[in-house]
Amino acid sequence: MGLIYSWLATVAAGYLLAVGPGVGGLIITGRERFDMALVMLGVLILGSVGFFLNRLDYALESHLLRWRPQQG
C-alpha cells in the first residue's frame with residue numbers, strides 16, 4: 001500500500017506544483033494548450049505506471065509471503 005500511496009503523492013505533487021518536466025507538467029501543458037491528445041497521453045502514462053506498480057507489488061508480495069495461503 002505504501003508503494004501505491006507514494007506514487008499517488010508523487011503524481012499529486014507533480015501536478016499541483018508543476019515543477020519541472022514531469023507527467024503532471026505534461027498534463028498541465030496539454031490543458032493550457034487545449035491539446036486533448038497530450039492530456040490523454042499523460043493520463044495513459046499515469047495509468048500504465050500505476051498498473052505496473054500494482055502488478056510489481058502483487059508479484060513481490062506473492063514471492064515474499066509464499067508461506068501464507070492464497071486468498072480466493
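Counting from 1, residues in each chain are numbered in the order their sequence is written. Residues qualify for local features only when their pLDDT is at least 70, as the model is predicted, and side-chain atom pairs are given and counted only at 80 or more; totals for whole chains, interfaces and linings, by contrast, use all residues. In computing side-chain properties, one takes all heavy atoms of the structure into account and sets aside hydrogens as well as water.

A. Spotlight on the overall build of the protein. When its secondary structure is counted, the protein shows three helices and zero strands. Ordered by position in the sequence, the α and β elements of the protein form the string α-α-α. Reported as C-alpha extents along the three principal axes, the dimensions of the protein are approximately 50 × 20 × 15 Å. Working definition: with a 1.4 Å probe on protein chains only, accessible area under 20% of the residue-type maximum means buried, over 50% means exposed, and in between means partly exposed. Going through the 72 residues of the protein one by one, you find that 14% of them count as buried. Within the protein, residue pairs in contact and separated by at least 24 positions form 27% of the contacts whose partners lie at least 6 positions apart. Numbering of helices and strands runs from the N terminus; a helix is a DSSP stretch of H or I covering at least four residues, while a strand is a stretch of E covering at least two. Throughout, a residue-residue contact means that at least one pair of heavy atoms, one from each residue, lies within 4.5 Å.

B. Just a nonpolar patch on the surface, in detail. Taken together, the side chains of Met-1, Tyr-5 and Leu-8 present a nonpolar region at the surface, about 370 Å² in accessible area. Counting through the fold element by element, Leu-8 comes out in helix 1 (residues 2-17). Only residues whose relative accessible area exceeds 30% and that take part in no salt bridge are eligible for patches, with like-charged residues grouped when within 9 Å of each other and nonpolar side chains (Val, Leu, Ile, Met, Phe, Trp, Tyr) grouped when within 5 Å. With residues, only the protein chains shown are counted as cover, and all accessible areas are computed by Shrake-Rupley using a 1.4 Å probe. By convention in these notes, a salt bridge is any Lys or Arg side-chain nitrogen within 4 Å of a carboxyl oxygen on Asp or Glu.

C. Spotlight on the packing of aromatic side chains. The rule is short: rings of Phe, Tyr and Trp, with Trp giving its six-membered ring, pair when the centres are within 6.5 Å, and they are stacked under 30 degrees, edge-to-face over 60, tilted in between. With the rule as written, the count across this model stands at one aromatic pair. Consider the rings of Phe-51 and Phe-52, whose centres lie 5.5 Å apart with planes at 70°: the pair is edge-to-face. The class for Phe-51 is partly exposed, based on a relative accessible area of 48%. The exposure class assigned to Phe-52 is exposed, which follows from its relative accessible area of 57%.

D. Inspection of the confidence of the model for the protein at higher detail. In predicted models, pLDDT denotes the confidence assigned by the predictor to each residue on a 0 to 100 scale. Averaged over all residues, the pLDDT of the protein is 83; the fraction at 70 or higher stands at 92%. Element-level pLDDT for the protein is lowest in helix 1, with a mean of 79, against a maximum mean of 89 in helix 3 (residues 36-64).

E. Structural context of the packing of helix 1 against helix 3. The axes are straight lines fitted to the C-alpha atoms, using for helices just the contacting stretch, and the angles between their N-to-C directions are given from 0 to 180°. With their axes 10 Å apart at the nearest point, helix 1 and helix 3 run at an angle of 160° to one another. Classified by the angle between their axes, helix 1 and helix 3 sit roughly antiparallel to one another. As for how helix 1 packs across helix 3, the hand of that crossing is right-handed. On the side of helix 1, the interface is formed by Leu-3, Ile-4, Trp-7 and Val-11, while helix 3 contributes Leu-46, Val-49, Gly-50, Leu-53, Asn-54 and Asp-57. When describing relative orientation, an angle under 35 degrees is termed roughly parallel and one over 145 degrees roughly antiparallel, while 65 to 115 degrees is termed roughly perpendicular and anything else oblique. Crossing handedness is defined as follows: a turn of the near helix away from the far one that is anticlockwise and smaller than a right angle gives a left-handed crossing, while the clockwise case is right-handed.

F. Highlighting helix 3. In this analysis, the expected span of each helix is defined as 1.5 Å times one less than the number of residues it contains. Compared with an ideal rise of 1.5 Å per residue, which puts 29 residues at 42 Å, helix 3 spans 42 Å between its outermost C-alpha atoms and is within 8% of the ideal. Of the residues making up helix 3, those classed as buried are Leu-38, Val-39, Gly-42, Leu-46 and Leu-53. Taken together, the buried residues of helix 3 touch helix 1 and helix 2 (23-32).

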